[in-house]
Amino acid sequence: LAGNVQSSPVSVTFENVLELDRNQRYVMPVTIESVEGIGGVLRSAKTCYFLFRGASLINIVVDLSENRAWPEFGNFDEVQDMYAFTMEALVNPTTLNKTISTVMGIEDTFLIRMGDSGVDPSQLQVVGAASSKLTDESLKIPTGEWTHIAVTFECIAQNQSEVKIYLNGELKKEGIVYLNSINFAIPHSNESGSSFKRCFWVGYSFTSDRYFDGKLSELRIWNRALTADEIAAENHFYRVDPSSEGLVAYWKLDDGAGTVGKDYSPYGHDLTIESEPDWVQVELPQIAE
């Protein structure tokens, strides 16, 4: 290009704006009606066509393979003496060939994991204290694709709480664990020494051979048991309002760099990630081709 080109602001007004269907692609023609100061416009260039689609709800996730993360809850009342709660995670395992692959929770207290001695390595298992375990073959988690996990807990009688396990919004398993409440606010440690207590981890429990190998997103803790309708609500797997009632921890894991997973809830208990993870670009929900 040669010469001087001057431009002036362009004012565009949109009317009747609609939310785009993320499963569709759209073409928007833009035609130049007139120009000033830069000569004419070739007839073949008067109209441009823009191809676009609705934005993805999730664009970055964390790959936590051979890594682990944890929050510092301190004396946070909202996660102590929890007689009702929900834990959620969006998971995409790379491999499930270990005896145990841990998603999150506290060993010997309340833990979401895959596998166990005598249990298929791909089979989800919820483990509470006093050897309370819930699992069956309906809880298989595939590798290489995204699965939404939701686990609700609600005390219904002395030393009896009802646990429900949902995969992709569908109730797959329910049963009783012999617990009144759960305390997730155990002071964090490396769980070593003579006086340690098991504490809350993401992607790890007990020993390094229980790391979760794969990608994670949308980790949440609520201080109430979500209903089936809430869990299966449109786009619930991919986002929730950070100010939602009862949401006490919300790690989207979309930070894109560094070793901190921001807590999007109002309480600010960020995750510390032990070593710099891979931050992976994605498009979720996946767009139909």
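Quick caveat, the model's predicted, so the values are computed rather than measured.

Asker: Talk me through the environment of Arg239; I want residue IDs and the actual numbers.
Answerer: If you trace the backbone, Arg239 turns up in the loop between α1 (228–231) and β15 (247–251). In this structure Arg239 comes out as partly exposed when scored by relative accessible area, which is 41%. Spatially, the C-alpha atoms of Arg239 and Ser217 are 9.9 Å apart, while their sequence positions differ by 22 residues.

Asker: How would you summarise the environment of Leu219 if you had to cite specific residues and measurements?
Answerer: With respect to the helices and strands, Leu219 occurs in strand β14 (residues 214–222). Sequence spacing of Leu219 and Tyr250 is 31 residues, and the spatial spacing of their C-alpha atoms is 5.9 Å. Apart from residues lying up to four places away in sequence, Leu219 is in contact with Glu88, Ala89, Met104, Val202, Ala249, Tyr250, Trp251 and Leu253.

Asker: Residue-level account of the pattern of salt bridges, with values.
Answerer: In this structure the tally under the stated criterion is 14 salt bridges. In this structure, Arg68 and Glu274 form a salt bridge, with 3.0 Å as the shortest nitrogen-oxygen distance. Here Arg68 is found in the loop between β3 (58–63) and β4 (69–71), whereas its partner Glu274 is found in the loop between β17 (271–273) and β18 (278–284), with 206 residues between them in sequence. On the accessibility criterion, Glu274 (40% relative accessible area) is partly exposed. Overlapping salt bridges, with partners in common, bring together Glu88, Glu218, Arg220 and Lys252 in one network.

Asker: Could you give an account of a nonpolar patch on the surface, with specific residues and numbers?
Answerer: On the surface, Ile156, Ile176 and Tyr178 cluster together into a nonpolar patch covering about 300 Å² of accessible area. Relative to the elements of secondary structure, Ile176 occurs in strand β12 (residues 170–177).

Asker: Please give an account of unusual backbone geometry that cites residues and values.
Answerer: Note the cis peptide between Leu284 and Pro285, where omega equals -5 degrees. Among the structural elements, Pro285 can be located in the segment after β18. Positive phi, normally seen in glycine, also occurs at Glu218, with a value near 50 degrees. By the element assignment, Glu218 lies in strand β14. You can call Glu218 buried: its relative accessible area is 0%.

Asker: Summarise the nonpolar core; cite the residues concerned and give the values.
Answerer: Counting residues in each nonpolar core, the largest one holds 47 residues, and the members touching the most others are Phe110, Phe184 and Phe200. The element contributing the most residues to this core is strand β5 (residues 84–93), with four residues. Ignoring sequence-local partners within four residues, the contact set of Phe110 consists of Phe85, Met87, Gly105, Val126, Val127, Gly128, Val151, Phe153, Val163, Ile182 and Phe184. Listed in part, the nine residues of the second largest apolar core include Ile58, Tyr238, Val282 and Leu284.

Asker: If you had to explain the pairing of β14 to someone new, which residues and values would you point to?
Answerer: Within β14, nine of the nine residues are buried, which leaves the element mostly enclosed by the surrounding structure. The pairing of β3 with β14 spans two bridges and is antiparallel. Each bridged residue has a counterpart across the sheet, and for Asp63 the counterpart in β14 is Lys215. Where β5 and β14 come together, seven bridges link them in antiparallel fashion. Paired with Pro93 across the bridge in β14 is Gly214.

So, how was this worked out
- Residues numbered from 1 in each chain as written.
- Predicted model: local features only at pLDDT ≥ 70, side-chain atom pairs only at ≥ 80, totals over all residues.
- Heavy atoms only, no water.
- Helix = DSSP H or I, 4+ residues; strand = E, 2+ residues; numbered from the N terminus.
- Buried < 20%, exposed > 50% of the residue type's maximum accessible area, 1.4 Å probe, protein only.
- Contact = heavy atoms within 4.5 Å.
- Salt bridge = Lys/Arg side-chain N within 4 Å of Asp/Glu carboxyl O.
- Patch = residues over 30% accessible without salt bridge, like charges linked within 9 Å, V, L, I, M, F, W, Y side chains within 5 Å.
- Areas by Shrake-Rupley, 256 points an atom, 1.4 Å probe, with all protein chains shown as cover.
- Core = buried A, V, L, I, M, F, W, Y, C linked by side-chain atoms within 4.5 Å.
- Pairing = 2+ DSSP bridges.

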